[in-house]
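Read off the chains here:
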Amino acid sequence: MIMKKIKIAVLGADGQLGQEFRHLHQSYEYMSFDFFSRDDCDIADQEEVRAVLLSENFDYVINCAAYTAVDKAESEQEECFLINAKACQFICNAIKGRHVRLVHFSSDYVYHVYNGFPLKETERCIPSGIYAKSKLEGENIIRASEIEALILRTSWVVSSFGHNFVKTMLKLGKDKSELNVVNDQLGTITYARHLASAVLNIITAMTSESADQSLFNQTYNFSSEGITSWYDIADRIMKDEGLSCKVQSITTAEYPTPAVRPLWSVMAKNKIREAFGLDIPHWFTALKECLLAIKADQ
Ligand SMILES: NC(=O)c1ccc[n+]([C@@H]2O[C@H](COP(=O)([O-])OP(=O)(O)OC[C@H]3O[C@@H](n4cnc5c(N)ncnc54)[C@H](OP(=O)(O)O)[C@@H]3O)[C@@H](O)[C@H]2O)c1
C-alpha cells in the first residue's frame, strides 16, 4: 500500500537546528520536506509567510527561524520581538483552520528561576532580558491561537553547523594558551541533531492510529541529560581534543554581558520522555557526537 508522505515545511532552514533537519531528512523516507531559508521565507513578512505556507498542503510546519543574538537583542528590541513573537502570529494566522500542525522552539531563558530542582514545564516564568521576554511572548501567542502546536523549550544548542559554544571553544583552544570560562551557570547542552531527531520521531509517533493526539498540543522541555557548566564543557573539550589550552573558572559577575544569563538552566525532561518514549542522551554523548560531526565536516 502506498502511504501519503507527511509534508513538512522547515522555516529558518539555514540555522543550526534547521540544518540538522536538512542533514537528517533523507532517513525519513515517509516524510517529504521543503526547506525555507530566510531568503525564501522571511517570517517577519506576513504576506510571504502566508504565500509560502499556502503553496503546498503541508501537514507540519517546523519553525527553526528565530532572533538568537541574545546580547544584541538588548539594543534591537523591536527586531527581536518582531521575529520571536509577532512572526509567530503570522505563522499561526497562515495555518489556522487548515489541519496544519506547528512545531516551535523556545528557550530555557523563559524560566529564569533558580530553585535547585530541574525546571518543570509548569514552573513559573520570570524572563529577564529582551530575548527571553520575546521567546515567552512567542509561546503565549502560539498557545492563544487556535492551532495545534508542539512547543519545545531547549537550552545551550550546539551543532557542527552555524556558530555555537563548542565551535568557539575549539577555535580558541587552538589559538590560546589560557581561557576564562564561566562556571556558575548550570544547565546542559542540547545537540541540535538530537533535538531534530526527537521532533521527527514525535511526528512519526503521531501517525500511529493508537497515538494520543492530545500529547502533541503541549509545551515540553528538551535538552541533554545531566548537569554541567560552560567551564566543565570547555574543559572537557580541551581534554577530549588533546588541546593544551588551560581553562580557568570564573563567575558570571566577572564576565558581564548586556543580557542577564539565567544561572539555572537545568530542565526536567520527564514529561517529553514519558509522552513519546524518547531516549534522551547525556550531555557527554551529546558533546562527543557534536565533536565527531564537527570533525567530519572539516
Ligand atoms: N542557540 C541556542 O543556544 C538556543 C538556546 C535555547 C533555545 N534556542 C532556540 O532554538 C531555536 C533554533 O535556534 P538555532 O540555534 O538553530 O538558531 P540560529 O542558528 O541562530 O538559527 C536561526 C535561524 O533563523 C533565521 N532567521 C532569523 N530571522 C529570520 C526571519 N525573519 N525569517 C526567517 N529566518 C530568520 C536566521 O537567519 P540569519 O542567520 O540570516 O539571521 C538563522 O538561520 C530558536 O527558536 C532559538 O530561540 C536556541
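Residues numbered from 1 in each chain as written. Predicted model: local features only at pLDDT ≥ 70, side-chain atom pairs only at ≥ 80, totals over all residues. Heavy atoms only, no water.

Student: I'd like a rundown of the side chain of E225, residues and numbers included.
Tutor: Of note, E225 is situated in the loop between β10 (219–222) and β11 (228–229). A polar side-chain atom of E225 sits 2.5 Å from a polar atom in the side chain of R273. Sequence-distant contacts of E225, defined by excluding residues within four places in its chain, comprise T188, K269, R273, I280, P281, H282 and W283. (Helix = DSSP H or I, 4+ residues; strand = E, 2+ residues; numbered from the N terminus. Polar contact = N/O pair within 3.5 Å; in protein donor to acceptor, adjacent residues only side chain to side chain. Contact = heavy atoms within 4.5 Å.)

Student: An account of helix α2 (residues 46–54) is needed here, citing residue identities and associated values.
Tutor: Looking only at α2, the buried set comprises V49, V52 and L53. Buried residues in α2, looked at end-on, bunch into an arc of 90°, giving them a common side. Contacts made by the buried residues of α2 are with β1 (6–11), β2 (31–36), β3 (60–63) and α3 (77–95). The backbone nitrogen of E47 has a side-chain oxygen 3.2 Å away, supplied by the residue at the start of α2, namely D45. (Buried < 20%, exposed > 50% of the residue type's maximum accessible area, 1.4 Å probe, protein only. Arc of directions from axis to C-beta.)

Student: So what about the nonpolar core? Which residues, and what values?
Tutor: By size, the foremost hydrophobic cluster in this structure holds 37 residues, and its most contacted members are L53 and V61. For this core, the secondary structure elements donating two or more residues are β1, α2, α3, α4 (130–144) and β5 (148–154). Of all the elements, α3 adds the most residues to this core, at 11 residues. Contacts of L53, omitting those with residues within four sequence positions, involve A9, L11, F58, V61, I91, A94, I95 and R98. (Core = buried A, V, L, I, M, F, W, Y, C linked by side-chain atoms within 4.5 Å.)

Student: Give me the packing of aromatic side chains: which residues, what numbers.
Tutor: One pass over the structure, following the stated rule, counts 10 aromatic pairs. Here Y60 and F216 contribute two aromatic rings whose centre-to-centre distance is 5.7 Å and whose plane-to-plane angle is 65°, an arrangement assigned as edge-to-face. Of this pair, Y60 sits in strand β3 while F216 sits in the loop between α6 (192–206) and β10, placing them 156 residues apart in sequence. Its relative accessible area of 7% is what places Y60 among the buried residues. (Phe/Tyr/Trp six-rings, centres within 6.5 Å; stacked < 30°, edge-to-face > 60°.)

Student: Now, about the state of the cysteines: what can you tell me, with residues and values included?
Tutor: A complete count under the given rule lists zero disulfides for this structure. Between C80, a free cysteine, and C88, which holds the nearest cysteine sulfur, the sulfur-to-sulfur gap is 11 Å. Exposure remark for C80: the relative accessible area of 0% places this residue in the buried category. The thiol sulfur of C125 is not disulfide-bonded, and the nearest other cysteine sulfur, from C88, lies at 15 Å. Judged by relative accessible area, which is 25%, C125 ranks as partly exposed. (Disulfide = S-S within 2.5 Å.)

Student: Please set out the pattern of salt bridges residue by residue, giving values where relevant.
Tutor: On inspection of all chains with the given rule, the structure shows 15 salt bridges. In this structure, D59 and K4 form a salt bridge, with 3.4 Å as the shortest nitrogen-oxygen distance. Here K4 lies in the segment before β1 and D59 lies in the loop between α2 and β3, a separation of 55 residues in the sequence. Given the relative accessible area of 63%, K4 is considered exposed. (Salt bridge = Lys/Arg side-chain N within 4 Å of Asp/Glu carboxyl O.)

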